[in-house]
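Topology and contacts: notes
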Amino acid sequence: LKYSNRDYSQAILARKLQRTIGRPSFKSYLKIIDDNLLQNCPVTRRDVIIAENIFGPDVGSLKGKTVRQSPAPVKIKTTSVPESIMSQYSEVKVGGDIMFVNKLPFLVTISRHIYFGTAEAIHNQQQKTIIQGIRQIHSIYLQRGFRITHLLMDGQFEHLREHLANMHINLNITSRNEHVPEVERYIRTLKERARCIYNTLPFKALPARMIIEMVYTCNFWLNSFP
């Protein structure tokens with residue numbers, strides 16, 4: 001619609017007045033004008049209608065008065081593990097190691113045969129912290145009927161043997177100057193995926209929480225495609 005300069009100026013004034021008197025709705029605003037509740041009001045009913053046609057609904061009113069819509073119900077669908085997998089690989093051998101991303105430590109594991117990877121951010125490399133991380137990982141496997149029987153790690157984790165034995169997990173330590181190839185390759189893949197995300201972000205520095213979630217995202221999508 002096309003209006004004269006005078007009509008446009010009056011529309012601006014009408015919208016300014018609407019904001020001044022507390023942003024009433026379009027219908028309420030018209031009633032205020034029609035009932036002459038504002039003495040010496042410089043705005044007419046026509047000005048209000050033209051302002052609505054030119055500018056549309058008041059943005060502040062839309063944002064302030066729109067109520068939250070009821071979200072769609074969450075659908076939970078659990079797929080059972082195929083019997084062919086459970087019969088062959090219910091007892092799992094897992095490789096584990098510590099990965100560092102921008103000096104942030106992660107406990108990373110990858111299982112043989114089923115290739116399920118985990119990445120758990122840890123505060124430090126103390127024995128208590130690592131054991132707690134392994135317990136969390138073990139519980140994830142148990143939820144789906146798998147049981148960790150062997151944990152393959154470097155010599156630096158020898159001090160975990162007694163605690164893992166209490167969890168009925170055998171600790172298999174590699175020889176000196178050797179590493180667990182599966183977990184080393186998985187760490188390399190995680191870092192590659194994280195670098196892919198980092199190099200496309202418009203930030204020069206990332207907070208620790210964003211780095212952690214970036215690694216979690218990469219791990220999530222690596223597990224999404226068996």
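1. Concerning the nonpolar core
A general feature of soluble globular proteins is that nonpolar side chains tend to end up buried together. Grouped together as the largest cluster of nonpolar side chains are 21 residues, with contacts concentrated most on Ile134, Tyr141, Leu151, Leu160 and Leu164. Of all elements in the fold, only strand S1 (91-101), helix H6 (127-143) and strand S4 (147-153) reach the threshold of two or more residues within this core. It is H6 that provides the largest number of residues to this core, a total of five residues. When near neighbours in sequence (up to four residues on either side) are disregarded, tyrosine 141 contacts Val92, Val94, Ser111, Ile114, Phe116, Phe146 and Ile148.

2. Here's the deal with the pattern of salt bridges
In the structure shown here, the tally under the stated rule is 10 salt bridges. A salt bridge links aspartate 7 to arginine 46; the nearest nitrogen and oxygen atoms lie 2.9 Å apart. Of this pair, aspartate 7 sits in helix H1 (residues 5-20) while arginine 46 sits in helix H3 (residues 45-55), placing them 39 residues apart in sequence. Here arginine 46 falls in the partly exposed class, since its relative accessible area comes to 47%. In this structure, the salt-bridge partner of arginine 147 is glutamate 91, at a minimum N-O distance of 3.3 Å. With arginine 147 in strand S4 and glutamate 91 in strand S1, the pair connects residues that are 56 residues apart, well separated along the chain.

3. Description of the side chain of aspartate 7
Accessibility expressed as a relative area gives 13% for aspartate 7, which makes it buried. One polar contact links aspartate 7 to arginine 46, side chain to side chain, over a distance of 2.9 Å. Leaving out residues up to four positions away in the same chain, aspartate 7 has contacts with Arg46 and Ile50.

4. A short note on the environment of glutamine 39
In this structure, glutamine 39 sits in the loop between helix H2 (26-34) and H3. As a C-alpha pair, glutamine 39 and phenylalanine 220 span 181 residues in sequence and 64 Å in three-dimensional space.

5. A look at the packing of H2 against H3
As a packed pair, H2 and H3 sit with axes 9 Å apart at the nearest point and diverge in direction by 165 degrees. Between H2 and H3, the angle is such that the two are roughly antiparallel. You can see that H2 and H3 cross each other, and the crossing is right-handed. When H2 is examined against H3, the residues Phe26, Tyr29, Leu30, Ile33 and Asp34 are found in contact with a partner set consisting of Arg45, Val48, Ile49 and Glu52.

6. Notes on helix H9 (residues 208-224)
Here H9 is 17 residues long and its end C-alpha atoms lie 25 Å apart, about the 24 Å a rise of 1.5 Å per residue gives. If you check which residues of H9 are buried, you get Ile211, Ile212, Met214, Val215, Cys218, Asn219 and Leu222. Projected down its long axis, H9 carries its buried residues within an arc of 160 degrees, all on one side.

7. Considering empty space enclosed by the protein
In total, this model carries one cavity of 30 Å³ or more according to the counting rule given. Taken as a whole, the largest cavity spans an internal volume of roughly 40 Å³. Around the largest cavity sit Ala14, Arg15, Gln18, Phe26, Tyr29, Val48, Ala51 and Glu52, which together line it. Among the secondary structure elements, those contributing two or more residues to the lining of the largest cavity are H1, H2 and H3. Per-class residue counts for the lining of the largest cavity are five nonpolar, one polar and two charged.

8. Digging into the sheet that holds strand S2 (residues 104-111)
Strand order in the open sheet formed by five strands is S3-S2-S1-S4-S5, and the pairing between neighbours is mixed. The open sheet has two edge strands, strand S3 (117-121) and strand S5 (170-173), and neither has a second partner. If you compare each strand with its neighbour and ignore which way they point, the axes differ by 25 degrees on average. Across five bridges, the pairing between S1 and S4 is parallel. Bridge pairing in S4 places valine 92 opposite isoleucine 148.

9. Some details on the side chain of aspartate 47
Tracing the backbone shows aspartate 47 in helix H3. Side chain to side chain, aspartate 47 and glutamine 10 meet in a polar contact 2.9 Å long. Here the side chain of aspartate 47 touches threonine 44 through a polar contact of 3.1 Å, landing on its backbone nitrogen. Setting aside anything within four residues of it in sequence, one finds aspartate 47 in contact with Gln10, Ala11, Ala14 and Pro42.

About the criteria used
Here the residue index of a chain counts from 1 through its sequence in written order. Local features in this predicted model are restricted to residues of pLDDT 70 or higher, and side-chain atom pairs are both shown and tallied only at a pLDDT of 80 or more, whereas totals for entire chains, interfaces and linings draw on every residue. Note that water and hydrogens are dropped before the side-chain values are worked out from all heavy atoms of the structure. By convention a nonpolar core is built from buried Ala, Val, Leu, Ile, Met, Phe, Trp, Tyr and Cys residues, the set being connected through side-chain atoms within 4.5 Å. Partly exposed residues are those whose accessible area sits between 20% and 50% of the maximum for their type, while under 20% is buried and over 50% is exposed, using a 1.4 Å probe and protein chains only. Think of it this way: any DSSP run of H or I at least four residues long counts as a helix, any run of E at least two long counts as a strand, and we number them from the N terminus. Contacts are assigned to residue pairs with any non-hydrogen atoms lying within 4.5 Å of each other. Salt bridge, as applied in this entry: a Lys or Arg side-chain nitrogen positioned within 4 Å of an Asp or Glu carboxyl oxygen. Residues adjacent in sequence count toward polar contacts only when both atoms are side-chain atoms; beyond that, a polar contact is any pair of N or O atoms within 3.5 Å, and within protein one must be able to donate a hydrogen and the other to accept it. Axes here mean lines fitted to C-alpha atoms, for a helix over just the part in contact, with angles spanning 0 to 180 degrees between N-to-C directions. Any angle that is under 35 degrees is reported as roughly parallel, and any over 145 degrees as roughly antiparallel; angles of 65 to 115 degrees are reported as roughly perpendicular and all others as oblique. Take the far helix as the reference: if the near one is turned anticlockwise from it by less than a right angle, the crossing is left-handed, and if turned clockwise, right-handed. Multiplying one less than the number of residues by 1.5 Å gives the expected span of a helix. Within this analysis, the arc is defined by the directions that extend from the helix axis to the C-beta atoms. Here a cavity denotes a set of grid points, spaced 1 Å apart and computed over the protein atoms alone, in which a 1.4 Å probe fits but from which it cannot get out, and a pocket denotes an open set meeting protein on both sides within 12 Å along at least five of seven lines; residues with an atom within 4 Å of a point are reported as lining. Grid points are joined across faces, edges and corners, and a volume is the space filled by probe spheres set on the points. In this classification, Asp, Glu, Lys and Arg are treated as charged, Ala, Val, Leu, Ile, Met, Phe, Trp, Tyr, Cys and Pro as nonpolar, and every other residue, Gly included, as polar. The pairing criterion for strands is at least two bridges between them, as found by DSSP.

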